[in-house]
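Per-entry structural report
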Amino acid sequence: MLRGFLSGSAFSKTLNSVSRFSTSLKFSSSTMSRDGQPTSPPNGGDLLRDQDRLPKLPVPDLQQTLSKYLASVTPHLTAEQLQVTGAAVKTFLEPGGDGERLQRKLKDRAEKLDNWVSPGLFIQMLTTPS
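Note that the structure is predicted; figures quoted are calculated from it, not measured. Residue numbering note: each chain is counted from 1, following its sequence as written. Only residues with pLDDT of 70 or above have their local features reported here, since the model is predicted, and side-chain atom pairs are shown and tallied only from 80 upward, although totals for entire chains, interfaces and linings are computed over all residues. Side-chain measures were taken over the full set of non-hydrogen atoms in the model, leaving aside hydrogen atoms and water.

Thoughts on the overall build of the chain
The criterion, for reference: Numbering of helices and strands runs from the N terminus; a helix is a DSSP stretch of H or I covering at least four residues, while a strand is a stretch of E covering at least two. The rule is simple: take the accessible area with a 1.4 Å probe, protein chains only, and divide by the maximum for that residue type; under 20% is buried, over 50% is exposed, in between is partly exposed. We call two residues contacting when some pair of their heavy atoms lies within 4.5 Å.
Tallying secondary structure elements over the chain gives 5 helices and 2 strands in all. Taking all 130 residues of the chain together, the buried fraction comes to 18%. The contacts in the chain between residues at least 6 apart in sequence include a share of 53% that link residues at least 24 apart.

What follows is the structure, encoded as structure tokens:
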């Protein structure tokens with residue numbers, strides 16, 4: 001899917017960069033004081049105690065997401081670049097294409113997990129066979 005937008009080495013560099021970033025994220029129930037020492041949060045460290053009562057994050061509609069994407073990149077692209085990007089989005093949205101496949105994976109993930117948005121999701125989706 002993304003390989004079409006990035007050359008082989010650029011794709012590898014991007015994937016490696018995302019991988020390093022996502023594995024460097026650490027979730028902790030402590031915060032840092034002004035002097036850099038760890039402290040416990042006011043609720044005693046149980047940051048996720050109400051997690052099961054929160055509504056699940058919905059998976060955004062793919063068409064809406066891509067419309068917003070095109071609107072956000074339009075001011076930064078030349079007419080030719082916009083035409084190429086628009087064609088790529090159209091191809092991505094084709095029935096049975098990458099967009100449909102990845103959207104289905106996101107929805108499946110959302111059904112199984114409390115939070116389908118998590119570190120490493122991007123890499124997992126790119127590297128997991130369909």
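And the narrative resumes.
Quick look at the confidence of the model for the chain
Which entries qualify depends on this criterion: Across the chain, each position has a pLDDT score giving the predictor's confidence in that residue, from 0 to 100.
Mean pLDDT over the chain stands at 75; residues scoring 70 or higher make up 58%. Contacts from residues 1-7, a stretch scored under 50 in pLDDT, to residues over four places away or in other chains number 11 contacts. pLDDT under 50 marks residues 21-30. Its contacts with residues more than four places away, or in other chains, come to 12 contacts.

Notes on the pattern of salt bridges
Two side chains of opposite charge can pair, provided their charged atoms sit close to one another. Inclusion rule: We define a salt bridge as a side-chain nitrogen of Lys or Arg found within 4 Å of a carboxyl oxygen belonging to Asp or Glu.
Going through the model one piece at a time under the given rule, you end up with 1 salt bridge. Here D98 and R101 are joined by a salt bridge, their closest N and O atoms 3.4 Å apart. Of the two residues, D98 and R101 are both situated in helix α4 (residues 98-112); the distance of 3 residues between them amounts to about one turn of the helix.

With respect to helix α3 (residues 79-93)
Put simply, the rule is: One fewer than the residue count of a helix, multiplied by 1.5 Å, yields its expected span. Read the arc as the range of directions from the helix axis to the C-beta atoms.
Look at α3: 21 Å from first C-alpha to last across 15 residues, which is about the 21 Å you get at 1.5 Å a residue. What α3 keeps buried is the set T85, A88, V89 and F92. For α3, the angular spread of buried residues about the axis comes to 100 degrees, placing them on one side. In α3, the exposed positions that point more than 90 degrees away from the buried face belong to A79, E80, Q83 and K90. In this fold, the buried residues of α3 make contact with α2 (62-73) and α4.

Concerning the nonpolar core
What counts is decided by this rule: Side-chain atoms within 4.5 Å link the members of a nonpolar core, which is a set of buried Ala, Val, Leu, Ile, Met, Phe, Trp, Tyr and Cys residues.
Among the nonpolar cores identified, the biggest contains 5 residues, and these are L62, L66, V89, F92 and L102. Listed by contribution, the elements that provide at least two residues to this core are α2 and α3.

Notes on the packing of α2 against α3
Filter applied, for reference: The axes used here are C-alpha line fits, helices contributing only the stretch in contact, and every angle between their N-to-C directions lies in the interval 0 to 180 degrees. Roughly parallel means an angle under 35 degrees; roughly antiparallel means over 145; roughly perpendicular covers 65 to 115; every other angle is labelled oblique. Note on residue classes: Ala, Val, Leu, Ile, Met, Phe, Trp, Tyr, Cys and Pro are nonpolar, Asp, Glu, Lys and Arg are charged, and everything else, Gly too, is polar.
The geometry of α2 relative to α3 is characterised by a closest axis approach of 11 Å and an angle of 170 degrees between their N-to-C directions. As the angle between them shows, α2 and α3 are arranged roughly antiparallel. Listed contacts from α3 to L62, Q63, L66, Y69, L70 and V73 of α2 are T85, G86, V89, F92 and L93. For the contact of α2 with α3, the per-class residue count stands at 8 nonpolar, 3 polar and no charged.

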